[in-house]
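Fold and geometry: a report
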Amino acid sequence: MTREQHLKLAEAAVLRAENLAGEAERYNPHNEPRAASYSRVGALWSDIAQSHVAIARSLAETPEV
């Protein structure tokens, strides 16, 4: 995979984490176990995003043609 592909995957993972955080906020006052589940999965997607960014940093930029 290229650097750019990893950055795109990181961006997609951040969006998923953001959506899950919103769901956790929505459920928190009414259903704490469900909110906790959304929070854990959101944290996992955040970790995935960070991993893709770390990989992208280790790869050389693809020269523009």
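Quick note: structure is the one above.
A short tour of the structure in this document, coming up. Every residue gets a number counted from 1 within its own chain, in the order that chain's sequence is written. Per-residue local features are limited, in this predicted model, to residues with pLDDT of at least 70; the limit for side-chain atom pairs, both in listing and counting, is 80 or more; totals at the level of whole chains, interfaces and linings are taken over all residues. With hydrogens and water excluded, all non-hydrogen atoms of the structure serve as input to the side-chain values.

Here the focus is the side chain of His52. Labels follow the DSSP assignment, with helices taken as runs of H or I lasting at least four residues and strands as runs of E lasting at least two, numbered in each case from the N terminus. In this fold, His52 is placed in helix H2 (residues 32-58). N or O atoms within 3.5 Å of each other form a polar contact, as long as, within protein, one can give a hydrogen and the other can take it, and as long as residues adjacent in sequence are counted only when both atoms are side-chain atoms. Looking at His52, its side chain comes within polar contact range of the side chain of His6, at 2.9 Å.

Okay, the side chain of His6 next. Within the secondary structure layout, His6 lies in helix H1 (residues 3-27). Residue burial is assigned from relative accessible area. The probe radius is 1.4 Å, only protein chains are included, and a residue is buried under 20% of its type maximum, exposed over 50%, and partly exposed in between. Among the residues examined, His6 registers a relative accessible area of 7% and is labelled buried. Whether two residues touch is decided by their heavy atoms; if any such pair falls within 4.5 Å, the residues are in contact. The contact partners of His6, leaving out residues within four places of it in the chain, are Met1, His52, Ile55, Ala56 and Leu59.

Turning next to the packing of aromatic side chains. Each Phe, Tyr or Trp ring, with Trp reduced to its six-membered ring, pairs with another whose centre is within 6.5 Å; inter-plane angles below 30 degrees give stacked pairs, above 60 give edge-to-face pairs, and intermediate values give tilted ones. Summed over the entire model, instances satisfying the criterion amount to 1 aromatic pair. On the basis of an interplanar angle of 5 degrees and a centroid distance of 5.5 Å, the ring pair of Tyr27 and Tyr38 is categorised as stacked. Taken together, the positions of Tyr27 in helix H1 and Tyr38 in helix H2 put the pair 11 residues apart, joining distant regions of the chain. Between Arg26 and the ring centre of Tyr27, over which it is positioned, the NZ or CZ distance is 4.6 Å. Above the face of the Tyr27 ring, Arg34 is positioned so that its terminal group lies 4.8 Å from the ring centre. Note on geometry: a ring has a charge over it if NZ (lysine) or CZ (arginine) is within 6 Å of the ring centre and within 35 degrees of the ring normal.

Okay, H2 next. Between its terminal C-alpha atoms H2 stretches 39 Å, which fits the 39 Å expected from 27 residues at 1.5 Å a residue. For H2, the complete set of buried residues consists of Ala35, Gly42, Ala49, His52 and Ala56. The inward-facing, buried residues of H2 contact H1. To estimate the expected span of a helix, subtract one from its residue number and multiply by 1.5 Å.

A few words now on the environment of Glu61. Mapped onto the secondary structure, Glu61 falls in the segment after H2. Taking C-alpha positions, Glu61 is 16 Å from Leu9, a pair spaced 52 residues apart along the chain.

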